[in-house]
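Residue strings, one per chain:
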Amino acid sequence: AQKVTQAQTEISVVEKEDVTLDCVYETRDTTYYLFWYKQPPSGELVFLIRRNSFDEQNEISGRYSWNFQKSTSSFNFTITASQVVDSAVYFCALMPNSGGGADGLTFGKGTHLIIQP
Amino acid sequence: KAGVTQTPRYLIKTRGQQVTLSCSPISGHRSVSWYQQTPGQGLQFLFEYFSETQRNKGNFPGRFSGRQFSNSRSEMNVSTLELGDSALYLCASSLTGRSIYEQYFGPGTRLTVT
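Report follows, based on the coordinates. It should be emphasised that the depicted structure is a prediction, and the values quoted were computed from it without experimental measurement. (Residues numbered from 1 in each chain as written. Chains lettered and ligands numbered in written order. Predicted model: local features only at pLDDT ≥ 70, side-chain atom pairs only at ≥ 80, totals over all residues. Heavy atoms only, no water.)

1. So, the interface of chain A and chain B
Put simply, the rule reads: Residue contacts are defined here by distance: any two heavy atoms, one from each residue, within 4.5 Å place the two residues in contact. Accessible area, probed at 1.4 Å, shrinks when two parts are joined; the buried area is that loss added up over both. Should a side-chain nitrogen of Lys or Arg be within 4 Å of a carboxyl oxygen of Asp or Glu, the pair is scored as a salt bridge.
Contact with chain A, which involves 22 residues of that partner, is made by 24 residues of chain B. Of the roughly 1,800 Å² buried where chain A meets chain B, counting both sides, 55% is carbon and sulfur surface. Broken down residue by residue, the surface that chain A buries against chain B is led by L45, G100 and A102 of chain A, which jointly contribute 24%. Residue E102 of chain B pairs with R50 of chain A through a salt bridge whose shortest N-O separation is 3.1 Å.

2. Describing the pattern of salt bridges
The line we're drawing: Secondary structure elements follow DSSP: runs of H or I of four or more residues count as helices, runs of E of two or more count as strands, with numbering from the N terminus. Residue burial is assigned from relative accessible area. The probe radius is 1.4 Å, only protein chains are included, and a residue is buried under 20% of its type maximum, exposed over 50%, and partly exposed in between.
In this structure the tally under the stated criterion is 9 salt bridges over all chains. With its nearest N and O atoms 2.8 Å apart, the salt bridge here joins D85 of chain B to R63 of chain B. Note that D85 of chain B is positioned in the loop between β8 (74-78) and β9 (87-94) and R63 of chain B in the loop between β6 (53-57) and β7 (64-68), a separation of 22 residues in sequence. Look at D85 of chain B and you get buried, because its relative accessible area is 4%. A relative accessible area of 17% places R63 of chain B in the buried class. One salt-bridge network, held together by shared partners, links R51, D55 and E59 of chain A.

3. Quick look at the state of the cysteines
Residue and element names in this part refer to chain A. Threshold: The criterion for a disulfide is a pair of cysteine sulfur atoms lying within 2.5 Å.
A complete count under the given rule lists 2 disulfides over all chains for this structure. In this model C23 forms its disulfide with C92; the gap between the sulfur atoms is 2.0 Å. A torsion of -65° about the S-S bond marks the disulfide between C23 and C92 as left-handed. Separated by 69 residues along the polypeptide, C23 in the loop between β3 (19-21) and β4 (24-26) and C92 in strand β10 (residues 88-96) bring together distant segments of the chain.

4. Re the nonpolar core
Proteins that are soluble and globular tend to have nonpolar side chains buried together. Formally: Remark: nonpolar core denotes a set of buried residues (Ala, Val, Leu, Ile, Met, Phe, Trp, Tyr, Cys) joined through side-chain atoms within 4.5 Å.
Ranked by internal contacts, the top residues of the largest apolar core, which has 23 residues, are W36, F75, F77 and Y90 of chain A. In terms of residue count, the dominant contributor to this core is β10 of chain A (4 residues). Those residues within four positions of F77 of chain A in sequence are excluded, and the remaining contacts are V19, T20, L21, W36, L48, Y64, S65, W66 and Y90 of chain A. Of all hydrophobic cores here, the second largest spans 21 residues; its members include F64, V78, Y89 and L111 of chain B.

5. What about the sheet that holds strand β3 (residues 19-24) of chain B?
Residues and elements named next belong to chain B. Threshold: Any two strands with at least two DSSP-identified bridges between them are counted as paired. To get an axis, fit a line to the C-alpha atoms, keeping to the stretch in contact for a helix; angles then go from 0 to 180 degrees between the N-to-C directions.
Read from one edge to the other, the open sheet built from 4 strands follows the order β1-β3-β8-β7, with strand pairing classed as antiparallel. Strands with a single pairing partner mark the edges of an open sheet, and in this sheet they are β1 (5-7) and β7. In this sheet, neighbouring strand axes are inclined to one another by 20° on average, regardless of whether the strands run parallel or antiparallel.

6. Section: the environment of L105 of chain A
Along the chain, L105 of chain A falls in the loop between β10 and β11 (106-107). Put simply, L105 of chain A and M95 of chain A are 10 residues apart on the chain and 5.0 Å apart in space, counted from C-alpha to C-alpha. Contact partners of L105 of chain A, with chain neighbours within four places excluded, come to F35, Y37, A93, L94 and M95 of chain A together with Y35, F45, Q103 and F105 of chain B.

Here is the structure:
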């Protein structure tokens, strides 16, 4: 069984601060994929990143960066110079590779990020 | 390219009734997954369809069912509605068949059971 833990229920920072959202996962699968999604107040989940368990290289996309560490089963997400528009609930998710996509995503409970102006 | 569409967006039903929700995937996507989102349980996987076949189902009672049509559109049905079925139901589509690709989500259908 898979499990994703996002220990931070809510984070509040002032605009332009950097913020890191933590994600720790558990799986018995040797190959898997990790995802981050953003859910703004409108409710639609927006895909941010997909990472293969074989690829531990960190990734940067604009103000967003992700730190994948297989040794600690963590896939943390950092927003640099946060903006009010970053306010949303962020979900970390896991999918095993064995099912070819049939197993669905296992989501964490989400972190509500509040960026104050 | 049009995104995932879900209809209706909002729905109010009474306990004991049944409901059908619809999802149209992104053009070319053949896999459709359904998720239930509630404040208490968070996001939970309901089932996944690929090429009109249900390949997997989450831990939900048999009152929850679905199907996929030849054009990849999918419907989910909930019979004998209970108050606890009130939730945001999200549909996601993906290219996947054997490989894992990104799942793109629709705006959801918010179901309220009274």
